[in-house]
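Listed below are the residues making up each chain.
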Amino acid sequence: MAAAALCPYRALLARRRGALRALSGSVRGLAAGPETHFGFQTVTEAERREKIYHVFESVAKKYDVMNDSMTLGIHRLWKDILLHKMNPSPGTLLLDVAGGTGDIAFRFINYVRSARERQLQQKLKHHQNLSWQEISESYQEDKFKSLGDSQVVVCDINKEMLKVGKQKAQHLGYSEGLSWVLGDAEELPFDDDKFDVYTIAFGIRNVTRIDLALQEAYRVLKPGGRFLCLEFSHVSNPLLSRLYDLYSFQVIPVLGEVIAGDWKSYQYLVESIRRFPPQEELKAMIEDAGFFKVDYQNLNSGIVAIHSGFKL
């Protein structure tokens, strides 16, 4: 009888313990932050940041090789188009975010050097009465300022990606006008109104809070500064879209396994493209951050798009 009498109390205690566990779980969920996505998985924002960090830590050494393999080398053309759209002049101060391996930075330096060389040739053409010695001295003086005070700051949250970029820069002979900074796109370690141009190439879809990253881009740009984003986007051609999906899900993860020994990271990269906002939605987000004259250019039927905006 005593045992039977205790049953209701035990049941009550069990229910209370269950309620406490549920409450505790809810509190832990709140502490971890709101839910978001990591590819097709639902995760907290904190979990997403950690997982993405590990993805790029894992793929850093094979990042360039995989880019060539996945895009058949076309990513190089897309980045060249981005630089021509930017059309930087000597003296431009560029911030390249999520640019750890240096692809945009090196192109920027080459572009500005070419512009400086053209300036020097034009200068000498207009001074036909100069002696050979004066021309030589002028050329040597300008040669040592091949970037004309231009600078590019590469900012990346991942140490391994920056390490790879620095090694490439040393190997390729880039040093003048180039610096590397460890930093988060959502909380940039730079003063307000500092840069002429902000670029982010194939990086914004890996940012947890795109709205915060766009606000930071706006903050660090000078009035009149330009925002440029190169990113995988949404394909407009239905037939191409089906072929692209087949290639993305059936081929790219296999390449990741064969070349980098990492199926999961490249499966995530494919899924992250599908979860990324389409062109018009991203355009609206850029406008919400305060940018004006926002537009975009589709490349290869929208496989990638370049979004542009100005801080006015």
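Residues numbered from 1 in each chain as written. Predicted model: local features only at pLDDT ≥ 70, side-chain atom pairs only at ≥ 80, totals over all residues. Heavy atoms only, no water.

The subject of this paragraph is the packing of aromatic side chains. Throughout the structure, instances matching the rule amount to 9 aromatic pairs. Both rings, one in tryptophan 78 and one in phenylalanine 232, keep their centres 6.1 Å apart while their planes meet at 90°; by these two values the pair is edge-to-face. Of this pair, tryptophan 78 sits in helix α4 (residues 74-86) while phenylalanine 232 sits in strand β7 (residues 221-232), placing them 154 residues apart in sequence. Considered together, tryptophan 78 and phenylalanine 232 belong to a single accessibility category, that of buried residues. Pairing phenylalanine 106 with tryptophan 180 gives two aromatic rings, centres 6.5 Å apart and planes at 70°, and the pair type is edge-to-face. (Phe/Tyr/Trp six-rings, centres within 6.5 Å; stacked < 30°, edge-to-face > 60°. Helix = DSSP H or I, 4+ residues; strand = E, 2+ residues; numbered from the N terminus. Buried < 20%, exposed > 50% of the residue type's maximum accessible area, 1.4 Å probe, protein only.)

In the contact formed by helix α8 (residues 210-220) and helix α12 (residues 279-288), the axes pass within 9 Å of each other and the chain directions differ by 50°. As far as their axial angle goes, α12 and α8 are oblique. Crossing angle aside, the handedness with which α8 passes α12 is right-handed. Residues Ile210, Asp211 and Leu214 of α8 pack against Leu282, Met285 and Ile286 of α12. Here the contact of α8 with α12 is built from residues that sort into 5 nonpolar, no polar and 1 charged. (Axes fitted to C-alpha atoms, helices over the stretch in contact; angles between N-to-C directions. Parallel < 35°, antiparallel > 145°, perpendicular 65-115°, else oblique. Left-handed = near helix turned anticlockwise from the far one by under 90°. Contact = heavy atoms within 4.5 Å. Nonpolar A, V, L, I, M, F, W, Y, C, P; charged D, E, K, R; others polar.)

Of all the 7 residues making up strand β6 (residues 195-201), 6 are buried; the element is thus mostly covered by neighbouring parts of the structure. Across 4 bridges, strand β3 (residues 93-97) lies against β6 in parallel orientation. Counted as the bridge partner of aspartate 96 is threonine 199 from β6. Here 6 bridges tie β6 to β7, and the two strands are oriented parallel to one another. Along β7, the bridge assignment pairs alanine 201 with leucine 230. Following the chain from β6 across α8 to the adjacent parallel β7, one finds a crossover that is right-handed. (Pairing = 2+ DSSP bridges. Right-handed = clockwise from strand over helix to strand, strands pointing away.)

What follows concerns the pattern of salt bridges. Any two side chains of opposite charge can pair, so long as their charged atoms come close to each other. This model, assessed by the stated rule, comprises 12 salt bridges. Linking aspartate 196 and lysine 222 is a salt bridge whose minimum nitrogen-to-oxygen distance equals 3.3 Å. On the criterion of sequence distance, the pair formed by aspartate 196 in strand β6 and lysine 222 in strand β7 is long-range, its members being 26 residues apart. Judged by relative accessible area, which is 24%, aspartate 196 ranks as partly exposed. Its salt-bridge partner being arginine 219, residue glutamate 216 comes within 2.8 Å of it at the nearest N-O pair. Here glutamate 216 and its partner arginine 219 are both found in helix α8, 3 residues apart, which amounts to about one turn of the helix. (Salt bridge = Lys/Arg side-chain N within 4 Å of Asp/Glu carboxyl O.)

Quick look at the layout of surface pockets now. Volume-wise, the largest pocket comes out at about 450 Å³. Around the largest pocket, the lining comprises 25 residues; the ones closest to its centre are Met70, Thr71, Trp78, Phe232 and Ile252. Going through the elements one at a time, α3 (63-71), α4, α9 (238-250) and α11 (263-275) are the ones with two or more residues in the lining of the largest pocket. Its residues assigned to classes, the lining of the largest pocket comprises 17 nonpolar, 6 polar and 2 charged. Estimates place the volume of the second largest pocket at around 380 Å³. (1 Å grid on protein atoms, 1.4 Å probe; cavity = no way out; pocket = protein on both sides within 12 Å on 5 of 7 lines; lining within 4 Å. Points joined across faces, edges and corners; volume = space filled by probe spheres on them.)

Further remarks concern the environment of valine 55. Topologically, valine 55 is positioned in helix α2 (residues 45-59). On the accessibility criterion, valine 55 (5% relative accessible area) is buried. Separated by 210 residues in the primary sequence, valine 55 and serine 265 place their C-alpha atoms 5.4 Å from one another.

Turning to the UniProt feature "binding site: S-adenosyl-L-methionine" (unreviewed entry) in the protein chain, a few remarks are in order. As recorded in UniProt, the feature "binding site: S-adenosyl-L-methionine" (unreviewed entry) lies at Thr101, Asp156, Asp184 and Ala185. Cross-referencing the annotated residues with the largest cavity identifies Thr101 as lining it. Among the structural elements, threonine 101 can be located in the loop between β3 and α5 (103-125). Given a relative accessible area of 4%, threonine 101 falls into the buried group. Along the chain, the position of alanine 185 falls in the loop between β5 (178-182) and β6. By relative accessible area, which is 10% here, alanine 185 ends up buried. Excluding residues within four positions of it along the chain, alanine 185 makes contact with Val97, Val207, Ala213 and Glu216. (UniProt positions renumbered as here; feature names shortened; annotations may be inferred.)

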